[in-house]
Amino acid sequence: MQKDNPLMAVDYSFYDYVTASQSRLAPHLIDGVPDYAYREDFALRKHIKRLPGFYPLAKALTNQYVPLIKQTLNLKCLKVGPSQFSDVYDKAVYCARILGIGIPTVFIDNDPSVINAFTVATEDEAPMICISSGLLERFSEDELLTVIGHECGHIHNEHSVFDLAAQLLIGAIGILPKMNQALTVLSTPLRLSFLSWSRAAEITCDRAGIICSNNKTDSLYAEAKLLFGASQDRNDINIEAIFQQYDSLRGTPVRLIEIESTHPIPARRILAEREFLSSEILYQWRPDWEPPETELLAKKELDDNTAKFVSIAKNGKRKDSK
Ligand SMILES: [Zn+2]
């Protein structure tokens, strides 16, 4: 009797997919880091890693938190999958494949008053993305895709250890108050450098969000919605008017309030995203998109221009402002 060859049962289509995916993505990695990562994000990550003992501490804390967060999400939120909210699940699968990461578990929380999404990932646990029900309700399908792409960017860039450490440092997480007390002894410059890194990491992930988008400007409009809470499903947003609003504050000390923030203000993020739309890297990821007629920005130029908008100290004037 002829025996079945066990190799016949192997799904070669998946193997082919992984092989093709790896060869497609290899040119996008520089020293293991995605080529779209914003320079300041990468530089500060390296700097933080060099602080004696800090990275192992942050990792140990993260490893304590992540199972707790996972259990809490499982307890309180809805887990999406092929059998429920499959459209949301499909978006996560799509973004994960574009960036070449594992498919994250996606939860939807139960608070419609909040517009937010966050990611938790370590080496020891499968990555998780949580999307607020407010965001799901008030963002379009295309805007939701760019948000999930952004969150997958955090996974792709292994931001979670640094991100959770930064949140601990600024007291944004109160699950383990004793740890928070212990961490308050850390110096203000260290805390501010974490916040600065956190803002730079957001720029990296806004770029990932654009790479995963259906349309080039979805990310810009999703960002603009954060300014007014996307209320009443209004879409009459004028990006140029937002820039003019930003210009009126750019030169005043009010802008320094951002120094205590984990995220850049939306106008700065939109300006940084607009630079990315003119970059060589974007059209290497998205050869299906028609590039602008102007000369595309090389990586250094892109990051130099981005720093002008994102750095609180530099506070650069946008080129088309009056
Ligand atoms: Zn983010």
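Residues numbered from 1 in each chain as written. Predicted model: local features only at pLDDT ≥ 70, side-chain atom pairs only at ≥ 80, totals over all residues. Heavy atoms only, no water.

**A look at the packing of helix α2 (residues 39-50) against helix α9 (residues 188-211)**
Interhelical geometry of α2 versus α9 gives an angle of 140 degrees and a closest axis separation of 8 Å. With respect to α9, the element α2 is oriented oblique. As α2 runs across α9, the sense of the crossing is left-handed. Between α2 and α9, the contacting residues are E40, D41, L44, R45 and I48 on the first element and S193, F194, S196, W197, A200, A201 and T204 on the second. (Axes fitted to C-alpha atoms, helices over the stretch in contact; angles between N-to-C directions. Helix = DSSP H or I, 4+ residues; strand = E, 2+ residues; numbered from the N terminus. Parallel < 35°, antiparallel > 145°, perpendicular 65-115°, else oblique. Left-handed = near helix turned anticlockwise from the far one by under 90°. Contact = heavy atoms within 4.5 Å.)

**Here's the deal with the pairing of strand β6 (residues 128-131)**
The two faces of β6 match: M128 and C130 on one face and I129 and I131 on the other face are all buried. Both strand β4 (residues 105-108) and β6 contribute to a ladder of four bridges, which runs parallel. The partner of V106 across the bridge, within β6, is I129. Sheet analysis places strand β5 (residues 117-120) next to β6, joined by four bridges and oriented antiparallel. Bridge pairing in β6 links T119 to I129. (Buried < 20%, exposed > 50% of the residue type's maximum accessible area, 1.4 Å probe, protein only. Pairing = 2+ DSSP bridges.)

**With respect to the coordination of the zinc ion**
The protein atoms that coordinate the zinc ion are H150 (NE2), H154 (NE2) and E202 (OE), at distances spanning 2.1 Å. Here the donor residues of the zinc ion are spaced in sequence according to H-x3-H-x47-E. Highlighted residues: H150 in helix α6 (residues 141-156) and E202 in helix α9, separated in sequence by 52 residues. (Donors = N, O, S within 2.8 Å, 3.2 Å for Na, K, Ca; no water.)

**Comments concerning the side chain of T204**
Mapped onto the elements, T204 comes out in helix α9. Using a relative accessible area of 0% as the deciding quantity, one classes T204 as buried. Those residues in contact with T204 that lie beyond four places of it in its chain are Y36, A37, Y38, D41, N157 and H159.

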